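One letter stands for each residue in the lines below.
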Amino acid sequence: MRHSSSDSKYLKVKQQASLHAMMIPGIILAFIFSIVPLFGIVMAFEDYDISKGIFGSQWVDIYNFKLLFARNDFWDTTRNTVVIALWKIVLNSGLSILLALLINEVQHKTLKKAIQTVIFLPYFLSWVLLGNIMVEMFSTTGSFNLMLEAFGVAPRSWITSNTYFRTIVIVTDVWKTVGYQVVVFLAAITGIDPSLYEAGKIDGANHTQLCFHITLPGIMSMIVLMCILNIGNIMNAGFEQILVMYNPSVYDTGDILDTMAYRIGLTGLQYSMGTAIGLFKSVVSCAFFAASYYIAYKAKGYRIF
């Protein structure tokens, strides 16, 4: 006796009921902290008055966006956001792939695990801690200047310089986060069929040829996935990091949309303007993510959903 498709689907759901139940706490938390707060988007279209609340404040349509787009510092901040985020994505992606390939070639298991641990360890440290360390390190009396003095370089405050601040932000972020993507790519490499390497060695392929013709194609789907996710974060240049490390003297090159929204919306009490900045950033990020996903699907047929 054959079961109908609806019966088979019901049985499958029933068998996986415990797995679905495990998702309920996460769904509830996501709904409370990610879905419900979306209602606050309406503040971007109001002249929000904290005493009147969202329902009592005056509706101004897109007036806040007109004011926002007329600000010269807004476009400078947008450029800073894209430049910093893009450099972080490029360096993080390139170095993580390179390091994963190099670590994969290490034959000594203890050494291999030690290298992975050292690279991954900074990822667990918060920017509140690391940011303050970097501020002290690159200050006039910091350890970085002490090292340069040995080579006859005069001390300077690197952290308050528009010329060097952006570079410090990008390099320190790569140092902190590259280990995470390395682990992701190493996990993808372990999923490659070992028989492919054996066949390649039998055909006379060396390590470089095995890397380019087996390892890289084997993790290409993961590389594409990480690139899509990273491009979706093109407008996220690192709020916590820059908030801890920057100062008014480096606003020209270090101010990003998140810190601008924080400074205007919370510190300046212009809640509607701050919400408008956040909504603009979210819409652009969504557009970048959709575009990168569409290109990956059309070019190589890669799908996430």
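About the thresholds
- Residues numbered from 1 in each chain as written.
- Predicted model: local features only at pLDDT ≥ 70, side-chain atom pairs only at ≥ 80, totals over all residues.
- Heavy atoms only, no water.
- Helix = DSSP H or I, 4+ residues; strand = E, 2+ residues; numbered from the N terminus.
- Contact = heavy atoms within 4.5 Å.
- Areas by Shrake-Rupley, 256 points an atom, 1.4 Å probe, with all protein chains shown as cover.
- Lys, Arg positive; Asp, Glu negative; His and termini not counted.
- Charge placed at Lys NZ, Arg CZ, Asp CG, Glu CD.
- Axes fitted to C-alpha atoms, helices over the stretch in contact; angles between N-to-C directions.
- Parallel < 35°, antiparallel > 145°, perpendicular 65-115°, else oblique.
- Nonpolar A, V, L, I, M, F, W, Y, C, P; charged D, E, K, R; others polar.
- Expected span 1.5 Å × (residues − 1).
- Bend = angle between axes of the 7 residues up to and from the residue.
- Salt bridge = Lys/Arg side-chain N within 4 Å of Asp/Glu carboxyl O.
- Buried < 20%, exposed > 50% of the residue type's maximum accessible area, 1.4 Å probe, protein only.
- pLDDT = per-residue confidence, 0-100.
- Polar contact = N/O pair within 3.5 Å; in protein donor to acceptor, adjacent residues only side chain to side chain.

Caption draft 1: Quick look at the overall build of the protein. What the protein contains, in helices and strands, is 16 helices and 2 strands. By its C-alpha atoms, the protein is 80 × 70 × 35 Å across when sized along the principal axes. Long-range pairs, those at least 24 residues apart, make up 63% of the contacts in the protein with a sequence separation of at least 6. Accessible surface, the protein: about 18,700 Å² in total, of which carbon and sulfur atoms supply 68%. Side chains of the protein give 21 positive and 18 negative charges; the mean places of these two sets differ by 10 Å.

Caption draft 2: Layout of the packing of helix 6 (residues 109–120) against helix 9 (residues 165–190). At their nearest, the axes of helix 6 and helix 9 sit 7 Å apart, and the two run at 140° to each other. Between helix 6 and helix 9, the interaxial angle falls into the category oblique. Across the interface between the two elements, Q116, I119 and F120 of helix 6 pack against V178, G179, Y180, V183 and L186 of helix 9. Looking at the contact of helix 6 with helix 9, its residues break down into 6 nonpolar, 2 polar and no charged.

Caption draft 3: Seen up close, unusual backbone geometry. For D61, which is not glycine, the phi torsion reads 60° and is therefore positive. Mapped onto the secondary structure, D61 falls in the loop between strand 2 (58–59) and helix 4 (63–69). A positive phi angle is found at L269, which is not glycine, with a value near 60°. Summarising the element assignment, L269 is placed in the loop between helix 15 (257–267) and helix 16 (271–300).

Caption draft 4: Main features of helix 9. In this model helix 9 runs 38 Å from its N-terminal to its C-terminal C-alpha over 26 residues, within 8% of the 38 Å that 1.5 Å per residue would give. Considering bend angle alone, the principal kink of helix 9 is centred on T177 and spans about 40°.

Caption draft 5: Region of the structure containing the pattern of salt bridges. Under the defined criterion, the tally for this structure stands at 5 salt bridges. A salt bridge links D258 to K281, with the shortest nitrogen-to-oxygen separation between them at 3.0 Å. In this pair, D258 sits in helix 15 while K281 sits in helix 16, placing the two residues 23 residues apart along the sequence. We classify D258 as buried; its relative accessible area is 19%. Take K281: its relative accessible area is 13%, and that puts it in the buried class.

Caption draft 6: Broad picture of the confidence of the model for the protein. On average, the protein scores 86 in pLDDT, and the residues at 70 or more come to 95%. For the protein, per-element mean pLDDT is lowest for helix 1 (residues 5–15), which scores 70, and highest for helix 4, which scores 92.

Caption draft 7: The side chain of T77, seen in detail. When you line up the elements, T77 lands in helix 5 (residues 72–104). You can call T77 buried: its relative accessible area is 2%. Side-chain polar atoms of T77 contact the backbone oxygen of D73, separated by 2.7 Å.

Caption draft 8: Representation of the environment of V60 in the model. One can find V60 in the loop between strand 2 and helix 4. Along the backbone, V60 and E136 are 76 residues apart, and their C-alpha atoms lie at a distance of 45 Å. Setting aside residues no more than four positions away along its own chain, V60 makes contact with F45, E46 and D47.

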